Amino acid sequence: MKVAIVGATGYGGVELIRLLYHHPHIDEISVFSSSQEGKSMVDNYSHFIEIVDLTLEKIDAERLKTFDAVFFSTPPGVSSEWTEKIAGETKVIDLSGDLRLKDGDVYEKWYGRESASEALLTQAVYGLSEWHEEEIKHTSILSNPGCYPTAALLGLAPLVQANAIDTNHIIIDAKSGTTGAGRSLSPITHFSEMNDNFKIYKVNEHKHTPEIEQQLMAWGEKELTITFTPHLVPMTRGIMATMYAPVQDGWTKEQIKALYEKAYAHKPFVRLRGEGAFPFTKEVYGTNYCDIGWSIDDRTNRITIVSVIDNLVKGASGQAIQNMNFMFGFEETAGLNMVPVYP
Ligand SMILES: NC(=O)C1=CN([C@@H]2O[C@H](COP(=O)(O)OP(=O)(O)OC[C@H]3O[C@@H](n4cnc5c(N)ncnc54)[C@H](OP(=O)(O)O)[C@@H]3O)[C@@H](O)[C@H]2O)C=CC1
Ligand SMILES: CC(=O)N[C@@H](CCC(=O)OP(=O)(O)O)C(=O)O
């Protein structure tokens, strides 16, 4: 099949190219840019030399309609505008946050910009692959989850669905490598600022807060708010989300373990470490895996859950391809079977 990538010159786009290049069902990749028409991907990324020979095209709705699928790996506001023009003619897979929040007012509050139309928001399926497989299979507009929400939600899902934790007191403390902020230079992420440093940011105002709450409320069937605190750490890739919540009365360690094992028994990209064993970010580096470990403290009756992903793979491009596999009836793992880069 033929796919297009809009925003191919960014980190999400480059990761899509890397993964799609070896995908067994992809025959043709075309790349689009808002600023570099006519340039090649090698002009932007020398590591592609003699491997990836792709020339950037101008973004054009009629041209995009000719592809089986169009990936948008673009800043907020871009995919919602273009999807209006091409929906119905091709399948859209959006890596940005434009179509994730079902309530346009909530989007406008947290993103500080106009939301996509109600029709698009209704049509788009939020594609947390492990939990929304059936909806994903039947949609032509796929909204790929954010990187922090992917890590946090996969770690919390079995417990929230079973009402095994008190959802009024969930704390998510998350750390990300700097590729999470994209390729553009910024004073926040450049070497002198970030090397040998550890930063907290957007405390109580990160746009992933309502995204996580929206999904937890859908699972728990009640209103809730969370505390979500992101941090930047001096590494290139990786997210570690550490979640804390009180365990509801009556739940034993064995029952909690059984919840996780049942939830992820047939999910090829979730690897459970079990009670008292914790994963590191490097153990999923370059792959679509999400590794999860947990521990229940007998003294406080709180559970600590640790979930790690590669932000560019399971947190973005890898999950987007996992979702594409569902949308086109391919094997879930097609193009994504990789051993982590270690050490
Ligand atoms: N990095 C990560 O870990 C994750 C990122 N995401 C989301 O994925 C999206 C892409 O992220 P990332 O690749 O990191 O970001 P980058 O900043 O690295 O890349 C974004 C790309 O978007 C293109 N772009 C900029 N403005 C426009 C425009 N007006 N119209 C069309 N294209 C435009 C640019 O390419 P050009 O100038 O060539 O058009 C740029 O290379 C974002 O929405 C991000 O929030 C989601 C999950 C994780
Ligand atoms: C480290 C870092 O800066 N990370 C980004 C999240 C990346 C992501 O998932 O972004 P979207 O939800 O916009 O798609 C941030 O905090 O904004």
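Residues numbered from 1 in each chain as written. Chains lettered and ligands numbered in written order. Predicted model: local features only at pLDDT ≥ 70, side-chain atom pairs only at ≥ 80, totals over all residues. Heavy atoms only, no water.

**Student:** Any chance you could break down the pairing of strand β2 (residues 28-33) for me, citing the residues and the numbers?
**Tutor:** Of all six residues in β2, five are buried, a share of seventy percent or more. As a crossover connection, the stretch from strand β1 (residues 2-6) through helix α1 (residues 11-20) into β2 is right-handed. Bridge analysis of β2 against strand β3 (residues 56-58) gives three bridges, and the strand direction is parallel. For Phe32, the partnering residue across the bridge sits in β3 and is Glu57. (Buried < 20%, exposed > 50% of the residue type's maximum accessible area, 1.4 Å probe, protein only. Helix = DSSP H or I, 4+ residues; strand = E, 2+ residues; numbered from the N terminus. Right-handed = clockwise from strand over helix to strand, strands pointing away. Pairing = 2+ DSSP bridges.)

**Student:** Describe the pattern of salt bridges, with residues and values.
**Tutor:** Following the criterion strictly, the structure yields 19 salt bridges and no others. Where Glu133 meets Lys137, a salt bridge forms, and the shortest distance between an N and an O atom there is 2.9 Å. Of this pair, Glu133 and Lys137 both sit in helix α7 (residues 133-137), separated by four residues, roughly a single helical turn. By relative accessible area, Glu133 is classed as partly exposed at 22%. Across the salt bridge formed by Lys267 and Glu133, the nearest N and O atoms sit 4.0 Å from each other. Of the two residues, Lys267 sits in the loop between α11 (253-264) and β12 (270-275) while Glu133 sits in helix α7, which places them 134 residues apart along the sequence. When salt bridges with common partners are traced through the structure, they connect Glu15, Arg18, Arg237 and Asp310 into a single cluster. (Salt bridge = Lys/Arg side-chain N within 4 Å of Asp/Glu carboxyl O.)

**Student:** Lay out helix α8 (residues 147-161) with the relevant residues and their values.
**Tutor:** Every α-helix winds through 3.6 residues per turn, so residues three or four apart in the chain are directed the same way. Look at α8: 21 Å from first C-alpha to last across 15 residues, which is about the 21 Å you get at 1.5 Å a residue. Roughly 40 degrees is the biggest bend found in α8, and it falls at Gly155, with proline Pro158 one to four residues downstream. With 14 of its 15 residues buried, α8 lies for the most part within the structure. Following α8 by one or two positions, Asn163 has its phi on the positive side, about 55 degrees. (Expected span 1.5 Å × (residues − 1). Bend = angle between axes of the 7 residues up to and from the residue.)

**Student:** Explain the site of ligand 1 to me, and be specific about the residues and the numbers.
**Tutor:** Around ligand 1, the structure places 24 residues, and the nearest of them are Thr9, Ser33, Ser34, Ser35 and Thr74. Between ligand 1 and Gly12 there is a distance of 2.7 Å, counted from an oxygen atom to a backbone nitrogen or oxygen. Between ligand 1 and Thr74, the relevant distance is 2.7 Å, taken from an oxygen atom to a main-chain nitrogen or oxygen of the residue. At the level of secondary structure, the elements contributing two or more residues to the shell around ligand 1 comprise α1 and α12 (313-327). Class assignment for the residues of the shell around ligand 1 results in eight nonpolar, 15 polar and one charged. Both domain 1 (2-123) and domain 2 (148-311) contribute no fewer than three residues apiece to the shell around ligand 1. (Near = heavy atom within 4 Å. Polar contact = N/O pair within 3.5 Å; in protein donor to acceptor, adjacent residues only side chain to side chain. Nonpolar A, V, L, I, M, F, W, Y, C, P; charged D, E, K, R; others polar. Domains from an automatic or database assignment.)

**Student:** I'd love a proper account of the site of ligand 2, names of residues and values included.
**Tutor:** Taken together, the neighbourhood of ligand 2 is formed by 14 residues, with Arg100, Cys147, Tyr201, His206 and His208 sitting nearest. Arg100 is positioned with one of its side-chain polar atoms (N or O) 2.6 Å from an oxygen atom of ligand 2. A distance of 2.3 Å is found between an oxygen atom of ligand 2 and a side-chain nitrogen or oxygen belonging to His208. Burial of ligand 2 by the surrounding chains reaches 85%, relative to a free accessible area of 440 Å². A per-class count over the shell around ligand 2 returns six nonpolar, six polar and two charged. (Areas by Shrake-Rupley, 256 points an atom, 1.4 Å probe, with all protein chains shown as cover.)

**Student:** Explain the sheet that holds strand β13 (residues 290-296) to me, and be specific about the residues and the numbers.
**Tutor:** Hydrogen bonding along the main chain pairs the strands of a sheet, whether they run parallel or antiparallel. Overall, mixed pairing links the seven strands, which are arranged β9-β10-β8-β11-β14-β13-β12 in an open sheet. Where the open sheet ends on each side, the last strands, each with one partner, are β9 (199-200) and β12. The sheet contact formed by strand β11 (residues 239-246) and strand β14 (residues 302-309) spans eight bridges and is antiparallel. Counterpart to Ala245 in the pairing with β14 is Ile303.

**Student:** With reference to specific residues and values, describe the packing of α1 against α12.
**Tutor:** α12 packs onto α1 with a crossing angle of 45 degrees between their chain directions and a minimal axis gap of 9 Å. Taken together, the axes of α1 and α12 are oblique relative to one another. Crossing of α1 over α12 shows right-handed handedness. Contacts between α1 and α12 involve Gly12, Glu15, Leu16, Arg18, Leu19 and Leu20 from the first element and Val313, Ser317, Gly318, Ala320, Ile321 and Met324 from the second. Tallied by class, residues from the contact of α1 with α12 come to seven nonpolar, three polar and two charged. (Axes fitted to C-alpha atoms, helices over the stretch in contact; angles between N-to-C directions. Parallel < 35°, antiparallel > 145°, perpendicular 65-115°, else oblique. Left-handed = near helix turned anticlockwise from the far one by under 90°. Contact = heavy atoms within 4.5 Å.)

**Student:** How would you sum up the UniProt feature "active site" (unreviewed entry) in the chain? Please name residues and give values.
**Tutor:** As annotated in UniProt, the feature "active site" (unreviewed entry) corresponds to Cys147 in the numbering used here. Relative to the elements of secondary structure, Cys147 occurs in helix α8. Sequence-distant contacts of Cys147, that is, excluding residues within four places in its chain, are made with His208, Ile239, Ile309, Asn311 and Gly315. (UniProt positions renumbered as here; feature names shortened; annotations may be inferred.)

**Student:** Residues and numbers for the domain arrangement of the chain, please.
**Tutor:** Domain boundaries assigned for the chain yield domain 1 (2-123) and domain 2 (148-311). Domain 1 and domain 2 are separated by 27 Å when their C-alpha centres are compared. Listed as interface residues are twelve residues of domain 1 and, on the opposing side, 14 residues of domain 2. Between domain 1 and domain 2 lies a buried interface of about 1200 Å² when both sides are counted; carbon and sulfur atoms form 55% of it. Sorting the residues of domain 1 by area buried against domain 2 places Tyr11, Arg100 and Trp110 first, and these three jointly supply 52% of that buried surface. Taken together, domain 1 and domain 2 are joined by two salt bridges. At the surface where domain 1 touches domain 2, the tally comes to seven residue pairs in polar contact (both at pLDDT 80 or more). Contributions of two or more residues to the side of domain 1 that touches domain 2 are made by α1 and α5 (104-111). The residue makeup of the side of domain 1 that touches domain 2, split by class, is six nonpolar, two polar and four charged. (Buried area = accessible area lost by both parts, 1.4 Å probe.)

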